[in-house]
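Listed below, chain by chain, are the residues.
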Amino acid sequence: HRAADAVLHFCDELANTRALRQSMKHLIGRIRMVQAFFRTFLARKSAWVKEKSEVWTIWEDFHLQAYFKKTRASSPRNAQPSPRAGKKGQSPRVNRQSPRGNGDEEKGDGKPPKRTMKMSSPEWFKSLRIPVAYRERTLSNWYVAELRKSVNAFRLWLVVVASVSRCNEDMRHFRQ
């Protein structure tokens, strides 16, 4: 009896170990699938943010130009911000650090934008742009919010389809 009990116990443990190994393989496969979906999502979001960031910059430049053309036409003295800090008319965003605190700004060279560009230059207003990190974070947050709305709308449609399907099934059973 002892030898048979030992063999039975060994076989039970072997079966449990095999089931555990299969469960772990299944779990690891599902984790890898989720990781692949997440990597795809991040790549898609990054490409979308990059594309929209370029469009944002174009619109931002357009509106900055329009504003300064308008103020220059109405009052040439107030149209150009003073290059010295603390003067009235200077944008508070000019020397703002990025949220990471490393000064990673528009050019990406690790330095905050300089106010050395001449005010007579047609593109001096570009130093007043919203920093890249803020722009990308804003676009990324907006993308995720829109994705959540889309997922919730899809879930609602699934509820509607399931409800209609149940009603159709009830009608079929009623007719029979």
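Quick caveat: nothing in here was measured; it's all calculated off a predicted structure.

Bringing the overall build of the protein chain into the picture now. Regarding its fold elements, the protein chain presents two helices and zero strands. Burial statistics for the protein chain: of 176 residues in total, 19% are counted as buried. Of all intrachain contacts in the protein chain linking residues separated by at least 6 positions in sequence, the fraction that spans at least 24 positions is 65%. Carbon together with sulfur atoms contributes 59% to the accessible area of the protein chain, which is approximately 14,500 Å² in total.

A word on the pattern of salt bridges. The full count for this structure, using the stated rule, is four salt bridges. Here Arg172 and Glu169 are joined by a salt bridge, their closest N and O atoms 2.9 Å apart. Residue Arg172 and its partner Glu169 are located together in helix H2 (residues 132–175), separated by three residues, close to a single helical turn.

Let us look at the side chain of Ser140. Structurally, the position occupied by Ser140 is in helix H2. In this structure the side chain of Ser140 is engaged in a polar contact, spanning 2.9 Å, whose partner is the side chain of Lys45. If we skip the residues at most four places from it in the chain, Ser140 touches Lys45 and Val49.

Across the protein chain, pLDDT averages 78, with 72% of residues at or above 70. Note that residues 82–108 has pLDDT below 50 and, in this model, 46 contacts with residues that lie over four places away or in other chains.

Conventions used here
Residues numbered from 1 in each chain as written. Predicted model: local features only at pLDDT ≥ 70, side-chain atom pairs only at ≥ 80, totals over all residues. Heavy atoms only, no water. Helix = DSSP H or I, 4+ residues; strand = E, 2+ residues; numbered from the N terminus. Buried < 20%, exposed > 50% of the residue type's maximum accessible area, 1.4 Å probe, protein only. Contact = heavy atoms within 4.5 Å. Areas by Shrake-Rupley, 256 points an atom, 1.4 Å probe, with all protein chains shown as cover. Salt bridge = Lys/Arg side-chain N within 4 Å of Asp/Glu carboxyl O. Polar contact = N/O pair within 3.5 Å; in protein donor to acceptor, adjacent residues only side chain to side chain. pLDDT = per-residue confidence, 0-100.

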